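Listed here are the chains, written in short residue letters.
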Amino acid sequence: MTQCAVTVDERGFRSLMSRFATGVTVITSSGADGPAGMTANAVASLSLEPLLVMIGFELESRTLAAVRHSHRFAVNVLASDQEQVSRTFAGKQPEREKFAGCAYTERSGVPVLEGAIAWLHCELAAVYPGGDHVIVVGSVVDMGENGGEPLLFYGGDYRRLDSDVGADRHQNARHRGRPARVAR
Ligand SMILES: Cc1cc2nc3c(=O)[nH]c(=O)nc-3n(C[C@H](O)[C@H](O)[C@H](O)COP(=O)(O)O)c2cc1C
């Protein structure tokens, strides 16, 4: 097996971590000004007893402020056809605009996105420092599954379980070729 050293700096770290394939979620919450939401893949199950999940939030995230405000959030696991939802919630437009094109229902005051293949509703359990991020721990109080295939993120681009190029481009022959990298 070929071994290749990677320079230990931000660029090398980003490149290396892009080799860790993940699903894609949108973390939703309810802030002082209404619904808030952020695309996130730094998401993992943490504990079975009690049921806990953990999420890495950048310190500037407005959704983090909403989570701190309401002490509640939902993890929406995106479906393979929700690449545009991911792109929208990865942006910095006003929260109202993020939710304008995406139907949702409210469960205990927290938006749950329609079309997601699964969702977890959590109460804020703890926030730990993590460099330029924080680790938010959520206690799972409700959850549901809707079925369907997941949206994936790998190598800086969106994927599907059966694809090796960007999910939207896979559907659209017009866009075949080298996909643009998505900045995180
Ligand atoms: C695929 C993908 C995964 C992301 N994962 C995270 C993450 O786990 N944590 C995070 O803080 N930001 C993550 N981001 C960036 C946020 O979605 C982005 O900064 C967003 O604008 C935050 O929105 P907000 O300020 O309204 O909360 C990710 C972006 C993409 C495209």
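Since this is a predicted model, take the numbers as computed values, not measurements. (Residues numbered from 1 in each chain as written. Predicted model: local features only at pLDDT ≥ 70, side-chain atom pairs only at ≥ 80, totals over all residues.)

> Mind laying out the overall build of the chain, listing which residues take part and the relevant values?
Along its length, the chain carries 5 helices and 12 strands. By the burial criterion, 32% of the 184 residues in the chain qualify as buried. Partitioning the intrachain contacts of the chain with sequence separation of at least 6 by distance along the chain shows that 63% fall at a separation of at least 24. (Helix = DSSP H or I, 4+ residues; strand = E, 2+ residues; numbered from the N terminus. Buried ≥ 20, exposed ≤ 12 C-beta atoms within 10 Å, placed from the backbone. Contact = placed C-beta atoms within 7 Å.)

> Describe in detail helix H2 (residues 62–70), supporting the description with residues and values.
Taken residue by residue, H2 has Thr63, Leu64, Ala66 and Val67 as its buried positions. Looking straight down H2, one finds its buried side chains confined to an arc of 160°; they lie on one side. Check the buried side of H2 and you find it contacts strand S2 (25–31), strand S3 (34–40), strand S5 (52–58), strand S6 (72–77), strand S9 (118–130) and strand S10 (133–145). A positive phi of about 60° marks His71, the residue just after H2. (Arc of directions from axis to C-beta.)

> Break down the site of the ligand for me, citing the residues and quoting the values.
Contacts to the ligand come from 20 residues, most closely from Met38, Ala40, Ala42, Glu58 and Thr63. Those elements that place two or more of their residues in the shell around the ligand are S3, S5 and H2. In terms of residue count, the dominant contributor to the shell around the ligand is S3 (4 residues). Residues of the shell around the ligand, tallied by class, amount to 9 nonpolar, 7 polar and 4 charged. (Near = placed C-beta within 6 Å. Nonpolar A, V, L, I, M, F, W, Y, C, P; charged D, E, K, R; others polar.)

> So what about unusual backbone geometry? Which residues, and what values?
That bond from Glu49 to Pro50 is cis: its omega, 0°, falls within 30 degrees of zero. Along the chain, Pro50 falls in the loop between strand S4 (43–47) and S5. Even without being glycine, His71 reaches a positive phi, approximately 60°. Along the polypeptide, His71 turns up in the loop between H2 and S6. A positive phi angle, near 50°, is found at Ser108, a position not held by glycine. In this fold, Ser108 is placed in the loop between strand S7 (104–107) and strand S8 (110–113). Ser108 sits in the partly exposed class, given 13 other C-beta atoms within 10 Å.

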